Amino acid sequence: MTFSAVRAEPRTASGREPRPVYQLIHNGTNITSRFQGRLMSLTLTDNRGFEADQLDIELDDHDGMLDLPEKGVRLSLALGWSDAGVVEKGIFKVDEIEHSGPPDRLTIRARSADLGSDLTTRKERSFRNKTISAVVRAIASRNQLAAVVAQQLADQVIEHLDQTGESDANLLSRLAKDYDAIATVKQGKLLFMKAGEALSASGIALPLVTITRSSGDTHSFGIADRENYNGVKAFYQDTRGAKKGEVVIDASNAAAVNEKPAKGKRNQSVATAPNPDNVKVLRHTYASKTNAERAARAEWQRIQRGMATFTITLARGRPDLFPELPAAVRGWKPQIDNTRWVITKVTHQLTDRGYTSALELEIKPSSLAEADQG
């Protein structure tokens, strides 16, 4: 089914304006034509991490002729334009159905099928002295997924990790937070990578995408006060001293490496005296000083990335965009154009008014590192 574009677009060789198109497949059968003249809106929200991608389809049922679909049905979606073809956007499992009116309409809500029920089932398990790669691969294997782990994280050793009445998805999210990483499932692969690292499901670096102001419809740029917190404090249990220790990460020591040091060398020291000003305190008490340092540094990096946000709605939707893609923007203020961005969320929306893509972006981690070194 096709719709008129939001605004005039370059004409194709045939002289016709490109039109947004979509395709829905169920059990290998193209069912798009069944929605001819009934589709009111189709919205795909593409999230990062273990927040499930969501597909909402709203259909006109004024004549009462639509059948209610069964829950659990799997739909494959593709989006695109008549002059460029469609891009596969994944498989979604229907888990909510709503019929409302008048006028009567049917709403079908589906979520990414990659996040199977076993990933969200609570389990009991412990890991001791295992690398991140070993933990991720063990979880991937029991969920029948392939594992892709970022090289700089793969060999880091986890001294102790308990999974007590906790799902695999929650455990991985918790682990990812301690390493300022992203854990997610895409295309049958369990990915564990540094936030904003921009790797594909096969571990290959993703290409930089360029977004110009001429392709945008609306935008919003905001700067938060990066001095809101001037440090992050984390506590750990000092077993030798039988007391609770603490570490503080701030601008003076945030660049300290947390990877395993070379033989005979020690990691750069981390401040152990609390900052008297405005420090964010992590609630969890960690098992070791190393773990506390790592978690505090990861939280500090998240705070710094969040100091500037940029949202754009593209008048002509781009089905090739998805979270974790690095992005360069052109045509706005120098402070915006000169910042390296990474896409964190994409909302594709197709209605009778056209096809748009709303983007949320944050500062790319490498930009922060360069700024700190400068």
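Calculation criteria
Residues numbered from 1 in each chain as written. Predicted model: local features only at pLDDT ≥ 70, side-chain atom pairs only at ≥ 80, totals over all residues. Heavy atoms only, no water. Buried < 20%, exposed > 50% of the residue type's maximum accessible area, 1.4 Å probe, protein only. Helix = DSSP H or I, 4+ residues; strand = E, 2+ residues; numbered from the N terminus. Pairing = 2+ DSSP bridges. Axes fitted to C-alpha atoms, helices over the stretch in contact; angles between N-to-C directions. Parallel < 35°, antiparallel > 145°, perpendicular 65-115°, else oblique. Left-handed = near helix turned anticlockwise from the far one by under 90°. Contact = heavy atoms within 4.5 Å. Nonpolar A, V, L, I, M, F, W, Y, C, P; charged D, E, K, R; others polar. Salt bridge = Lys/Arg side-chain N within 4 Å of Asp/Glu carboxyl O. pLDDT = per-residue confidence, 0-100. Phe/Tyr/Trp six-rings, centres within 6.5 Å; stacked < 30°, edge-to-face > 60°. Lys NZ or Arg CZ within 6 Å of the ring centre and 35° of its normal.

Student: Please explain the pairing of strand β3 (residues 39-46) as it appears in this structure.
Tutor: Taken residue by residue, a regular strand's side chains alternate between the two faces of the sheet. Across the eight residues of β3, seven count as buried, placing the element largely inside the fold. Bridging between β3 and strand β4 (residues 54-60) involves six bridges; their strand directions are antiparallel. Counterpart to L42 in the pairing with β4 is I57. Where β3 and strand β20 (residues 341-351) come together, six bridges link them in antiparallel fashion. When the bridges of β20 are listed, S41 appears paired with T351.

Student: I keep staring at the packing of helix α1 (residues 132-142) against helix α3 (residues 168-178) and nothing clicks. Help me out?
Tutor: Any two packed helices are characterised by how steeply their axes cross, that is the angle between the axes, and by the distance between the axes. The geometry of α1 relative to α3 is characterised by a closest axis approach of 11 Å and an angle of 160° between their N-to-C directions. Relative to α3, the element α1 lies roughly antiparallel. Taken as a pair, α1 and α3 cross one another with a handedness that is left-handed. Taking contact as the criterion, the partners of V135, V136, I139 and R142 in α1 are, on α3, D168, L171, L172 and L175. A breakdown of the residues in the contact of α1 with α3 according to their chemical character gives six nonpolar, no polar and two charged.

Student: It is not clear to me how the pattern of salt bridges should be interpreted in this structure. Could you clarify?
Tutor: Between side chains of opposite charge, a pair can form when the charged atoms approach closely. The final tally for this structure, using the stated rule, is 14 salt bridges. Among the charged side chains, a network of salt bridges with common partners joins D56, D95, E96, R109 and R111.

Student: Before we go on, may I ask you to explain the confidence of the model for the chain in this structure?
Tutor: Parts of the prediction with low pLDDT should not have their coordinates interpreted in detail. On average, residues of the chain carry a pLDDT of 80, and 80% of them reach 70 or more. For residues 1-12, every residue scores under 50 in pLDDT, and the model assigns this stretch 46 contacts once sequence neighbours within four places are set aside. For the stretch residues 368-374, pLDDT sits under 50, and the model shows seven contacts to residues farther than four places along the chain or on other chains.

Student: Would you explain the sheet that holds strand β11 (residues 181-186) in this entry?
Tutor: Hydrogen bonding along the main chain pairs the strands of a sheet, whether they run parallel or antiparallel. Strand order in the open sheet formed by three strands is β9-β12-β11, and the pairing between neighbours is mixed. Of all strands in the sheet, those with a lone pairing partner are β9 (146-149) and β11, marking the two edges. Each strand axis lies, on average, 15° off the axis of its neighbour in the sheet, ignoring direction. Taken together, the four bridges between β9 and strand β12 (residues 189-194) define a ladder with parallel strand orientation. Each bridged residue has a counterpart across the sheet, and for V148 the counterpart in β12 is L191. Those strands touched by α1 are β9 and β12, and its axis lies near 155° from that of β9.

Student: Looking at this structure, I do not really get the packing of aromatic side chains. What am I missing?
Tutor: For the structure on display, the rule yields five aromatic pairs. Here F221 and W341 contribute two aromatic rings whose centre-to-centre distance is 6.2 Å and whose plane-to-plane angle is 90°, an arrangement assigned as edge-to-face. Separated by 120 residues along the polypeptide, F221 in strand β14 (residues 216-223) and W341 in strand β20 bring together distant segments of the chain. For W341, a relative accessible area of 0% corresponds to the buried category. Here the aromatic cluster, defined as three or more aromatic residues joined through ring pairs, consists of F221, F310, W332 and W341. One cation-aromatic arrangement involves K244 over F235; the distance from NZ or CZ to the ring centre is 5.4 Å. Residue placement shows R316 over the ring face of W81; its charged tip is 4.3 Å from the ring centre.

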